[in-house]
Amino acid sequence: MQLLKDKILKEGKVLSDTVLKVDSFLNHQIDPLLMKEIGEEFANRYSNEIITKVLTIESSGIAPATMLGLTIGAPVVFARKRKSLTLSGNLYSSEVHSFTKNETNEISVSKDFLSADDNVLIIDDFLANGEAVKGLLEIARQAGSNVIGVGIVIEKGFQQGGMLLREQGIRIESLANIKSLANGQVEFFD
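Rules and cut-offs
- Residues numbered from 1 in each chain as written.
- Predicted model: local features only at pLDDT ≥ 70, side-chain atom pairs only at ≥ 80, totals over all residues.
- Heavy atoms only, no water.
- Phe/Tyr/Trp six-rings, centres within 6.5 Å; stacked < 30°, edge-to-face > 60°.
- Lys NZ or Arg CZ within 6 Å of the ring centre and 35° of its normal.
- Buried < 20%, exposed > 50% of the residue type's maximum accessible area, 1.4 Å probe, protein only.
- Helix = DSSP H or I, 4+ residues; strand = E, 2+ residues; numbered from the N terminus.
- Pairing = 2+ DSSP bridges.
- Expected span 1.5 Å × (residues − 1).
- Contact = heavy atoms within 4.5 Å.
- Axes fitted to C-alpha atoms, helices over the stretch in contact; angles between N-to-C directions.

**Student:** Which residues make up the packing of aromatic side chains, and what are the values?
**Tutor:** A complete count under the given rule lists 0 aromatic pairs for this structure. The ring of F188 has K5 lying over it, and the distance from NZ or CZ to the ring centre is 5.5 Å. Above the plane of the ring of Y46 lies R171, whose end atom (NZ or CZ) is 4.0 Å from the centre.

In structure tokens:
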């Protein structure tokens, strides 16, 4: 998706060989027009599928997932990282380790919002080691939902997550796949 790649090149900040900061448009401040285009691109890539639920994880996956849900007319369910008074019991849960934050969170989704009748498309902002996607896949498995595939805004293709998930037969559509962040430069796979 050229619009996204251009935005990454213009506004993204390479903090190290493994960290790309995109908080000016994706995971702190949100560019709604870009998110609209992202939602439409995911809808196009999965246009031959019947999607009944879009599943993501708080918080950076919510904007692209919501725009996809709006485009296709499907509800968006997000896994919560923190328990609240209104989210207790009757949950699907999984543990997810964040290498960026160096912490492990238990993520949860109410059993009221996912079932064996659902065809789920998982959406997230980044794919690096695949931990968030694996946690969401586990929640969908617990619900008995059919996972159609995974949509990723930015994949760090130089890390193992995408490869490991694809080896399991999971369809992954990445809108921008980064080959390298070496020397402070973003290089994309073609």
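**Student:** Could you give an account of the pairing of strand β3 (residues 53-57), with specific residues and numbers?
**Tutor:** Of all 5 residues in β3, 5 are buried, a share of seventy percent or more. The side-chain alternation of β3 yields two buried faces, one formed by K53, L55 and I57 and the other by V54 and T56. Where β3 meets strand β7 (residues 119-127), 3 bridges bridge the pair, whose relative direction is parallel. Following the sheet pairing, V54 is matched in β7 by L121.

**Student:** Which residues make up helix α4 (residues 131-143), and what are the values?
**Tutor:** Residues lying three or four places apart along an α-helix face the same way, a consequence of the helix completing one turn every 3.6 residues. For α4, with 13 residues, the first-to-last C-alpha span of 19 Å sits near the 18 Å given by 1.5 Å per residue. When we look at burial in α4, the residues that qualify are A132, V133, G135, L136, L137, I139, A140 and A143. Directly after α4, the chain includes G144, whose backbone phi takes a positive value near 80°.

**Student:** For the sheet that holds strand β4 (residues 76-79), give the residues involved together with the corresponding values.
**Tutor:** Pairing is mixed in the open sheet, where 6 strands are placed in the order β4-β3-β7-β8-β9-β10. A strand with exactly one partner marks an edge of an open sheet, and here the two such strands are β4 and β10 (187-188). Pairing of strand β8 (residues 146-156) with strand β9 (residues 172-180) involves 6 bridges; the strand directions are parallel. Its bridge partner being in β9, G151 is matched across the sheet by E173. Packing of helix α1 (residues 2-11) onto the sheet brings it into contact with β8, β9 and β10, and relative to β9 it is tilted by some 35°. Here helix α3 (residues 62-72) sits on the sheet in contact with β3, β4, β7 and β8, set at roughly 175° to β3.

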